[in-house]
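Here is how the chains run, residue by residue.
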Amino acid sequence: MAILYKNLRASIVNSLPLIILYYLSISEIDTHFSNMFAILSFNLQIIIIYYWMLKNSSVLGNGHIFFAGVINDVVMGLPLGISSISYLTVSFVASYIRQVTVNMSLFTDWFTFLLAIFFSNLVYLVLILNFSDLQISYVDMSYNAFFTFLFYPFIWTIFNFYQKIMLLRVDD
Amino acid sequence: MSSSRDDFGIAIRSALLQKGARQKFSLVFLLIISIIIFLLDTYQFKFIKLTKILINDSIYRATNIATAPFKMLPKLNEKIKETVFAIEENKDLKAELKNFRNKEFQVEFLKNQNDSLRKILESDVKIRGKSILAKVLLDKDSPYLKSIVINRGSKSGINKGMPVVDGNYLIGKIVEVNYLSSRVLLLNDLNSRIPITFGKEPIQAILSGKGENKPVLEYLPELYEPYGNQTVFTSGKDGLLLPGIPVGKTEMDELNVKVKLFSDPNQLSFVTVQLINTNKDKF
């Protein structure tokens, strides 16, 4: 019973980033704070995907990222698969960075995250402009990208702390 | 240069194809699937339309459930405000209710008092002669003296010897008169002597108080065989009390004949003083 409880607890702790990713995709809750500050919005999903694919890819998994993207498309009313491609692009950049980097710090992560945002938004923009009739605001998109990049260290610190908790659970 | 390009290629390939320990699908596979779904959806294939309808319905419902707690937040805030207001209101209402209850008790008390007064007024009709209503001010029980003090005195025309009744029943007579108050000697007082009559003959006797709840009958006829449950009335032989005022019922107690008074002398709140002409000399 104690082992079962311990495993369950560890499973919940390990699954929390994935739960957050799915919840952000499925719920109407967004990280757009236009009612508080007109230009403030950031993409927390991208930060979650990038951080955890970089640090511990087993926490999320590409399959879940794909599904989270599909769900996000349905909820947001975007063409099906567009968010999946965008998220998988971020995952790809993170995987690549993980392959080529030996020592990772906040600054290297933050800098390389810029690449992830760039490619993710590029793919998103290309697909929207070429394959759909949707109109998008470049200014809003730029602000979103900027604040996503800006908030990364803050989220990184939280996730880093959380990862230590996860490691402690593993070592228990 | 060539080595650097090779490293880049290896890294790209590894990132795209490597599944990892717990991953079922490679990145490139999922990317291809995503692109296919995107193209199918963009070009509105019938198959993907139906599938999308199904997926949309499922996800919308799931979204509705998932966002329910957050949708409830403003309502919750409203509810908290309402609850706080309700608590305050409840506090005020409780105080108000307490106040009303107190008033209700006052109303009940006044109602009872009114009923008592009505009874007295009704009884006044039955008892001939002028009378005055009085409130019992003091009924402190004493082992030596069984009396009450009423709020009527000489100002109201009260004189010594006047009979005092509770409803229709005699309870005593005035023994002390002040300007605004009087003392009533109760029938069960040791000093009380009242001429009475009872039975069909009728039999005359004196009702004497013994300091107990039940006074006794004295000076009964010599060959009289007493029995209980006979109604005792005032005889009026002394010239002070009106004849025919009910007093109580006889009760046999060994050799004595006791009288159980109709009116409990310990439970008096309002009494009526019969304003009859009394001769002070007689008294």
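Chains are numbered independently. Their residues run from 1 in the order of the written sequence. Starting at A for chains and at 1 for ligands, labels are handed out in the order in which the entities are written. A pLDDT threshold of at least 70 governs which residues receive local features in this predicted model, and a stricter bar of 80 or more applies before side-chain atom pairs are shown or counted, although totals over entire chains, interfaces and linings include all residues. As a rule here, side-chain values come from all non-hydrogen atoms in the structure, and water together with hydrogens is ignored.

Peer 1: Which parts of the structure should I look at to understand the overall build of chain B?
Peer 2: The helix and strand inventory of chain B stands at three helices and 12 strands. Contacts: residue pairs with any heavy atoms within 4.5 Å of one another. The contacts in chain B between residues at least 6 apart in sequence include a share of 53% that link residues at least 24 apart. Where accessible areas are quoted, they stem from the Shrake-Rupley method and a 1.4 Å probe; at the residue level, only the protein chains shown are allowed to cover. In the structure as shown, chain B presents an accessible area of about 18,700 Å², 57% of it carried by carbon and sulfur atoms. In DSSP terms, a helix is any run of H or I states spanning at least four residues, a strand is any run of E spanning at least two, and both are numbered starting from the N terminus.

Peer 1: Hey, could you run me through the interface of chain B and chain A in this one?
Peer 2: By a widely used convention, the size of an interface equals the accessible area lost when the partners come together. Each partner contributes residues to the interface: chain B has 34 residues there, and chain A has 31 residues. Interface area for chain B against chain A, summed over the two sides, is near 2,900 Å², with a carbon-plus-sulfur share of 74%. Between Lys or Arg on one side and Asp or Glu on the other, a salt bridge is scored when a side-chain nitrogen of the former is within 4 Å of a carboxyl oxygen of the latter. The tally of links from chain B across to chain A stands at zero salt bridges. Counted as a polar contact is a pair of N or O atoms within 3.5 Å, where, for protein atoms, one must be capable of donating a hydrogen and the other of accepting one, and residues adjacent in sequence contribute only when both atoms are in side chains. In this assembly, chain B and chain A are joined by two residue pairs in polar contact (both at pLDDT 80 or more). Partitioned by chemical class, the residues of the side of chain B that touches chain A number 21 nonpolar, nine polar and four charged. Once two parts are joined, some of their accessible surface, as seen by a 1.4 Å probe, is lost; buried area is that loss totalled over both. When residues are grouped by polarity, Ala, Val, Leu, Ile, Met, Phe, Trp, Tyr, Cys and Pro land in nonpolar, Asp, Glu, Lys and Arg in charged, and all others, Gly among them, in polar.

Peer 1: Help me understand the nonpolar core in this model?
Peer 2: Soluble globular proteins tend to pack their nonpolar side chains together in the buried interior. Only buried Ala, Val, Leu, Ile, Met, Phe, Trp, Tyr and Cys residues count toward a nonpolar core, and they belong to the same one when joined by side-chain atoms within 4.5 Å. The cut-offs for exposure are 20% and 50% of the maximum accessible area for each residue type, with area from a 1.4 Å probe on protein chains only; residues under the lower value are buried, those over the upper are exposed, and the others partly exposed. Counting 59 residues, the largest nonpolar core has Ile 48, Ile 49, Tyr 50, Trp 52, Leu 60, Ile 65 and Phe 113 of chain A as its most contacted members. Beyond its immediate sequence surroundings of up to four residues, Phe 113 of chain A is in contact with Ile 46, Ile 47, Tyr 50, Thr 148, Phe 149 and Tyr 152 of chain A. Residues Leu 187, Ile 194, Ile 203 and Ala 205 of chain B belong to the second largest nonpolar core, which totals 18 residues.

Peer 1: Before we go on, may I ask you to explain the pattern of salt bridges in this structure?
Peer 2: When charged atoms on two side chains of opposite charge get close, those side chains can pair. Overall, the coordinates contain three salt bridges over all chains when judged by the stated rule. For Lys 55 of chain A, the salt bridge is made with Asp 109 of chain A, and the minimal N-O distance between the two is 3.2 Å. You can see Lys 55 of chain A sitting in helix H2 (residues 44–55) and its partner Asp 109 of chain A sitting in helix H6 (residues 106–131), a full 54 residues away along the chain. Classification of Lys 55 of chain A as partly exposed rests on a relative accessible area of 23%. Since its relative accessible area comes to 0%, Asp 109 of chain A is described here as buried. Taking the shortest distance from any N to any O, the salt bridge between Lys 210 of chain B and Glu 218 of chain B comes out at 2.9 Å.

Peer 1: It is not clear to me how unusual backbone geometry should be interpreted in this structure. Could you clarify?
Peer 2: The general pattern is negative phi for most residues beyond glycine and trans for most peptide bonds. All names here are of chain B. The residue Tyr 219 is not glycine, and still its phi comes out positive at about 60°. Within the secondary structure layout, Tyr 219 lies in the loop between strand S8 (216–218) and strand S9 (231–234). In this structure Tyr 219 comes out as exposed when scored by relative accessible area, which is 65%.

Peer 1: What is the right way to look at the side chain of Thr 89 of chain A in this model?
Peer 2: Residues and elements named next belong to chain A. Here Thr 89 lies in helix H5 (residues 82–100). Since its relative accessible area comes to 10%, Thr 89 is described here as buried. Other than its neighbours up to four places away in sequence, Thr 89 contacts Phe 119, Ser 120 and Val 123.

Peer 1: Looking at this model, I keep getting lost on a nonpolar patch on the surface. Mind explaining?
Peer 2: A cluster of nonpolar side chains, contributed by Leu 115, Phe 118, Phe 119, Leu 122 and Val 126 of chain A, occupies part of the molecular surface with about 420 Å² of accessible area. With respect to the secondary-structure elements, Val 126 of chain A resides in helix H6. Each patch is built from salt-bridge-free residues with over 30% relative accessible area, joining like charges within 9 Å and nonpolar side chains (Val, Leu, Ile, Met, Phe, Trp, Tyr) within 5 Å.

Peer 1: Explain a negative patch on the surface to me, please; I cannot follow it from the model alone.
Peer 2: Together, Glu 88, Glu 89, Asp 92 and Glu 96 of chain B make up a negatively charged patch on the protein surface. For Asp 92 of chain B, the location among the structural elements is in helix H3 (residues 46–126). A residue counts as positive if it is Lys or Arg and as negative if it is Asp or Glu; His and the chain ends are not included. A single reference atom marks each charge: NZ on Lys, CZ on Arg, CG on Asp, CD on Glu.

Peer 1: Where do I start with the environment of Lys 258 of chain B in this structure?
Peer 2: All names here are of chain B. Within the secondary structure, Lys 258 is located in strand S11 (residues 256–261). Residue classification places Lys 258 among the buried residues on the basis of a relative accessible area of 16%. Not counting residues within four places of it along the chain, the set of residues in contact with Lys 258 comprises Glu 212, Lys 214, Pro 215, Val 216, Lys 249, Thr 250, Glu 251 and Asp 253.

Peer 1: Looking at this model, I keep getting lost on helix H4 (residues 62–76) of chain A. Mind explaining?
Peer 2: Residues and elements named next belong to chain A. Relative to the 21 Å expected for 15 residues at 1.5 Å per residue, H4 spans 21 Å between its end C-alpha atoms, a close match to the ideal helical length. The buried count for H4 comes to 11 of 15 residues, which makes it a mostly enclosed element. Those residues of H4 that sit buried are Asn 62, Gly 63, Ile 65, Phe 66, Ala 68, Gly 69, Val 70, Ile 71, Asn 72, Asp 73 and Val 74. Following H4 by one or two positions, Gly 77 adopts a phi angle in the positive range, close to 80°. Under the convention used throughout, the expected extent of a helix is 1.5 Å for every residue step, that is, one less than its residue count.

Peer 1: Looking at this structure, I do not really get the packing of aromatic side chains. What am I missing?
Peer 2: Between two aromatic rings, the relevant description is the distance of the centres plus the angle of the planes. Residues and elements named next belong to chain A. The aromatic pairing rule takes the rings of Phe, Tyr and Trp, using the six-membered ring of Trp, and pairs them if the centres are within 6.5 Å, calling planes under 30 degrees apart stacked, those over 60 edge-to-face and the rest tilted. Here the structure, examined in full by the defined rule, presents 14 aromatic pairs over all chains. Taking 5.0 Å as the distance between ring centres and 50° as the angle between the ring planes, the aromatic pair formed by Tyr 50 and Phe 113 counts as tilted. Of this pair, Tyr 50 sits in helix H2 while Phe 113 sits in helix H6, and the two are 63 residues apart along the sequence. Taking relative accessible area as the criterion, Phe 113 reaches 0% and is therefore assigned buried. Ring geometry for Phe 118 and Phe 119: centres 5.3 Å apart, planes at 70°, overall edge-to-face. Assessed through its relative accessible area of 48%, Phe 118 is described here as partly exposed. In this structure Phe 119 comes out as partly exposed when scored by relative accessible area, which is 36%. Ring-pair connections join several aromatic residues into one group, and the members of that group are Phe 42, Phe 146, Phe 147 and Phe 151.

Peer 1: How should the pairing of strand S5 (residues 182–186) of chain B be read in this particular structure?
Peer 2: Two faces, one strand: in a regular strand the side chains alternate between the faces of the sheet. Residue and element names in this part refer to chain B. With four of five residues buried, S5 is to be regarded as a mostly interior element. Here, any two strands with at least 2 DSSP bridges between them count as paired. Sheet analysis places strand S4 (residues 169–177) next to S5, joined by five bridges and oriented antiparallel. Across the sheet, Ile 174 pairs through a bridge with Val 184, a residue of S5. Adjacent in sequence and paired antiparallel, S4 and S5 are bridged by four residues.

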